[in-house]
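Reading the structure
As a plain string of letters, each chain reads:
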Amino acid sequence: MFSTLVGNERVKEVLRRMLEARRVAGALLFAGEEGVGKRRFALEFAKSLNCRTPVGREACGHCSACVRAEEFVFPPSDDKDAHKKIIWSAHADIGMAISYKRAILVDAMRDLEREANFRPFEGSARVFLIEEADKLNEASSNALLKTLEEPPSTSHIILITARPAALLPTVRSRCQTVRFSPLAPSEIEAHLLKTKKFSKEDARLLARVAHGSVGRALGTDLEEYREQRNAMLDVLSALVLRGDRASLLRASEDITDAKRKDEYEPRLDVLETLIRDVWSLALGCTPERVVNADVLEQLEKLAARVESQRAARWIREIERHRERLDVNINRKVATDALFLAMTE
Ligand SMILES: [Zn+2]
């Protein structure tokens, strides 16, 4: 049932109305940022079309059709032949096309065309999900176009993408677009608490560092986040105590260490989040607005010593620094320069 899905209430309404009117477009485009649940919504919708004991028009979630629709066995990522076909769930009418390396193979779209022409085998509709539809290249897009032009009334194709602009206009124009919004931190927090896997404090923090994505919230390693945050809190303290240049240069050396190359950008993100927290506290905002509420006391102490204009300038310095990094300059030199500029 749609009530089991997180957020995007407006999308739920749109999908419910389609089911109630029994007017489901042949091709739907689910567009929205990574991690907001587009695939979950698509599967729930596919189940609703095939459920044996629907509640209203929505999937019951426990009949045999609903259970099997969730069972996918994905092939190894280097098995090219397996990616030339639709990957079926344990339900004979619900399948998925996924990309091989960087493209959805033209053969997979030809297989889809063939399969979409069959009547449903066991349910009342055949539903094909196309994951990362932005990976359709010209050849596979053209193969798909044929199916999109005249889909049989019992077949539905759901294209899923975070980058709808990357699709060929001819593909996009044949789909009914359903737009997903990023989730509110409160929606993610409530969901995390429902899973019973997180403490209140952790759920609150994860929901706020996830930038609107349940996927990202679940994929964040909090222990690692807190470790990075401790390092960045040291940087922030050194900045606040103007002039502690020696420890800033040490910190610069530490975060640009080649052994931890992949941690550089996440740490910069963490530093920026901390500064924004201190900034909003310095402006007198309530702690509700703070991302890192679990270290509120430390942040408040820092905020008491920082004027808001100074925090605002730090953010601008970091933004400028990111632009400089884009043009491939030496990270260590640039980070030294950033930290020293921030002490002024
Ligand atoms: Zn069911």
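Right, let's get into the overall build of the protein. Each helix and strand counted, the protein has 15 helices and six strands in total. Overall size of the protein, expressed as C-alpha extent along the three principal axes, is 75 × 40 × 30 Å. Counting over 344 residues, the protein shows a buried share of 49%. Accessible area for the protein stands at about 17,200 Å²; split by element, carbon and sulfur atoms hold 49% of it. Within the protein, the 54 negative side-chain charges are centred at a point lying 3 Å from the centre of the 56 positive side-chain charges.

All right, on to the sheet that holds strand β3 (residues 94–97) then. Taken in spatial order, the six strands of this open sheet run β2-β3-β4-β5-β1-β6, and their pairing is mixed. Sheet topology places β2 (87–88) and β6 (176–179) at the edges, where each strand pairs with a single neighbour. Pairing between β3 and strand β4 (residues 126–130): four bridges, direction parallel. Residue Ala 97 lies in a different strand from β4, and its bridge partner there is Ile 130. Of the strands in this sheet, β1 (27–31), β3, β4 and β5 (155–161) touch helix α2 (residues 38–50), which is tilted by about 170° from β5.

By the definition in use, this model includes 34 salt bridges. Here Asp 134 makes a salt bridge to Arg 163, at a shortest N to O gap of 3.1 Å. Of this pair, Asp 134 sits in the loop between β4 and α5 (138–149) while Arg 163 sits in the loop between β5 and α6 (169–172), placing them 29 residues apart in sequence. The exposure class of Arg 163 is partly exposed, given its relative accessible area of 42%. With a closest N to O distance of 3.1 Å, Arg 322 and Asp 269 form a salt bridge. Taken as a pair, Arg 322 in helix α14 (residues 308–326) and Asp 269 in helix α12 (residues 264–282) lie far apart in primary sequence, 53 residues in all. The exposure class of Asp 269 is partly exposed, given its relative accessible area of 38%.

With respect to the helices, strands and loops of the structure, Glu 187 is situated in helix α7 (residues 185–194). Glu 187 gets classed as partly exposed once you look at its relative accessible area, which sits at 29%. As a C-alpha pair, Glu 187 and His 83 span 104 residues in sequence and 35 Å in three-dimensional space. Discounting residues that sit within four places of it in the chain, Glu 187 has contacts with Val 6, Gly 7 and Asn 8.

Another aspect to go through is unusual backbone geometry. The phi angle at Arg 22 is positive, at roughly 50°, despite the residue not being glycine. One non-glycine residue, Lys 101, lies in the positive phi region at around 50°. Tracing the chain through its elements places Lys 101 in the loop between β3 and α4 (106–116). Taking the relative accessible area as the measure of exposure, Lys 101 reaches 59% and is therefore exposed.

Let us look at the domain arrangement of the protein. When the parts come together, some accessible area is lost, and that loss is often what is quoted as the size of the interface. Per the domain assignment, the segments of the protein are domain 1 (2–181) and domain 2 (221–343). With centres defined by C-alpha atoms, the gap from domain 1 to domain 2 works out at 42 Å.

This part covers the side chain of Glu 317. Structurally, Glu 317 can be placed in helix α14. When neighbours within four sequence positions are excluded, Glu 317 is seen to be in contact with Leu 338, Ala 341 and Met 342.

What follows is about the nonpolar core. Ile 275 and Phe 339 are the most contacted members of the largest nonpolar core, which has 49 residues in total. By residue number, the principal contributor to this core is helix α10 (residues 222–240), which donates 10 residues. Setting aside anything within four residues of it in sequence, one finds Ile 275 in contact with Leu 236, Ala 311, Trp 314, Ile 315, Ile 318 and Met 342. One finds Leu 5, Leu 28, Ala 42 and Ile 158 within the second-largest nonpolar core, a separate group that totals 30 residues.

Next up on the list: the coordination of the zinc ion. Protein-derived ligands of the zinc ion are Cys 51 (SG), Cys 60 (SG), Cys 63 (SG) and Cys 66 (SG), with the metal-ligand distances lying across 2.2 to 2.4 Å. One can describe the site at the zinc ion as tetrahedral: its four donor atoms subtend angles covering 103 to 115° at the metal. The sequence motif formed by the donor residues of the zinc ion is C-x8-C-x2-C-x2-C. Here the residue Cys 51 occupies a position in the loop between α2 and α3 (64–69), and Cys 63 occupies one in the loop between α2 and α3, the gap between them amounting to 12 residues.

Cut-off values and rules
Residues numbered from 1 in each chain as written. Predicted model: local features only at pLDDT ≥ 70, side-chain atom pairs only at ≥ 80, totals over all residues. Heavy atoms only, no water. Helix = DSSP H or I, 4+ residues; strand = E, 2+ residues; numbered from the N terminus. Buried < 20%, exposed > 50% of the residue type's maximum accessible area, 1.4 Å probe, protein only. Areas by Shrake-Rupley, 256 points an atom, 1.4 Å probe, with all protein chains shown as cover. Lys, Arg positive; Asp, Glu negative; His and termini not counted. Charge placed at Lys NZ, Arg CZ, Asp CG, Glu CD. Pairing = 2+ DSSP bridges. Contact = heavy atoms within 4.5 Å. Axes fitted to C-alpha atoms, helices over the stretch in contact; angles between N-to-C directions. Salt bridge = Lys/Arg side-chain N within 4 Å of Asp/Glu carboxyl O. Domains from an automatic or database assignment. Core = buried A, V, L, I, M, F, W, Y, C linked by side-chain atoms within 4.5 Å. Donors = N, O, S within 2.8 Å, 3.2 Å for Na, K, Ca; no water. Tetrahedral: all angles 85-135°; square planar, octahedral: opposite > 155°, others 65-115°.

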